[in-house]
Amino acid sequence: MHPYLVNHSEPRPERIRPIPDAFYRNAADMTFREMAYVILDVILGDEIRPDRLKKLIDSSLPDHHPFSPESEANFVAAICAEFHRDEKLMICAAEPEDVYLFEALRQRHIIVDMLVPRMASLPPRPEFIEVQGSAADCLRLGQELTGIFNICSLHNTAARAVRTAVIIYRALHEQGDGPVKVSTGSLVRAADTAKALGARLPHVEFHEESPSCPAIAAAPSFSSRQLRKVAPTASAVVRLMQQKPSVINMNSKKSNHI
């Protein structure tokens, strides 16, 4: 799997090209999975074989009524389950929506630690590590720790591709001639990608909403006083994780294709 899929990166510019008009003529009769396969193959086709892409889509995405960020979290978790099934992962949470990825990975029985910003409004869990800094610090740490730990996030090309498919599906199936309403910057960027693919979207309206995340129960007999805390530096995170050598497999093998 090329790190382009899971690291903090943009789609390759050469992959963003108009999809044939026949796709849009038939889109009204296509399920979300069918539409997602075409769109993701365009954006990710250099990195995932067609048969494997279909398997990932079928195992993670709904046929109808997709929502963000659930859809991209499930798809990224499916990639991680395929490639890191016996390894521990780390999420560097920069937005409340990152919790969806934490839950999607747990549902696939993947062990995961999550760096969360200080004062994050989440119930404490043993898997959470409180960074003594901001969400921007967590995002930066995700970039700096890539290659040291198995970093997983929603700030990557694979997630962008699924968001783009969600935008196109909802515009064609649910919005009619009205505007496409989005509530996060990542969806705004996905709408830009959709337009670059040739989607004739109505105008996009940004509706700022209160951050939402799936309900997460605090671990039994675990309090915020027991929460692991770390300074907002890569070296501090490495030292913390090295206290328990078995916590994360630091020698993961990488290949260019799934």
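What you are looking at is a predicted structure, and each value in this text was computed from that prediction instead of being measured. (Residues numbered from 1 in each chain as written. Predicted model: local features only at pLDDT ≥ 70, side-chain atom pairs only at ≥ 80, totals over all residues. Heavy atoms only, no water.)

### Overview of the side chain of asparagine 150
Going by this rule: Under the scheme used here, helices are H or I runs from DSSP no shorter than 4 residues and strands are E runs no shorter than 2 residues, and both carry numbers assigned from the N terminus. Buried means the residue's accessible area, taken with a 1.4 Å probe over protein chains only, is under 20% of the maximum for its type, while exposed means over 50%, and partly exposed covers the values in between. Any N or O atom pair separated by 3.5 Å or less is treated as a polar contact, with the protein-specific requirement of one donor-capable and one acceptor-capable atom, and with residues adjacent in sequence counted only for side-chain atom pairs.
The topology assignment puts asparagine 150 in the loop between helix H6 (135-145) and strand S4 (151-152). Judged by its relative accessible area of 3%, asparagine 150 is buried. A polar side-chain atom of asparagine 150 sits 3.5 Å from the main-chain carbonyl oxygen of lysine 88.

### Some thoughts on the packing of helix H7 (residues 157-173) against helix H8 (residues 185-196)
Here is the rule we go by: Axes here refer to lines fitted to C-alpha atoms; in helices the fit is confined to the stretch in contact. Angles between the N-to-C directions go from 0 to 180 degrees. Any angle between 65 and 115 degrees counts as roughly perpendicular, while under 35 counts as roughly parallel, over 145 as roughly antiparallel, and the rest as oblique. The contact criterion used throughout is that any non-hydrogen atoms of two residues lie within 4.5 Å. Side-chain classes are defined by residue name, with Ala, Val, Leu, Ile, Met, Phe, Trp, Tyr, Cys and Pro counting as nonpolar, Asp, Glu, Lys and Arg as charged, and the others, Gly among them, as polar.
Where H7 meets H8, the closest approach of the two axes is 8 Å, and the angle between their N-to-C directions is 75°. With respect to H8, the axis of H7 lies roughly perpendicular. Listed contacts from H8 to Arg160, Arg163, Thr164, Ile167 and Ile168 of H7 are Ser186, Leu187, Arg189, Ala190, Ala191, Thr193 and Ala194. Looking at the contact of H7 with H8 residue by residue, the class counts come to six nonpolar, three polar and three charged.

### Points about the state of the cysteines
Convention followed: The criterion for a disulfide is a pair of cysteine sulfur atoms lying within 2.5 Å.
What the rule picks out here adds up to zero disulfides. Looking at cysteine 92, it has no disulfide partner, and the nearest cysteine sulfur is the one in cysteine 138, 6.6 Å off. Just so you know, cysteine 152 is unpaired, no disulfide at all, and the nearest cysteine sulfur is the one on cysteine 80, 3.1 Å from it.

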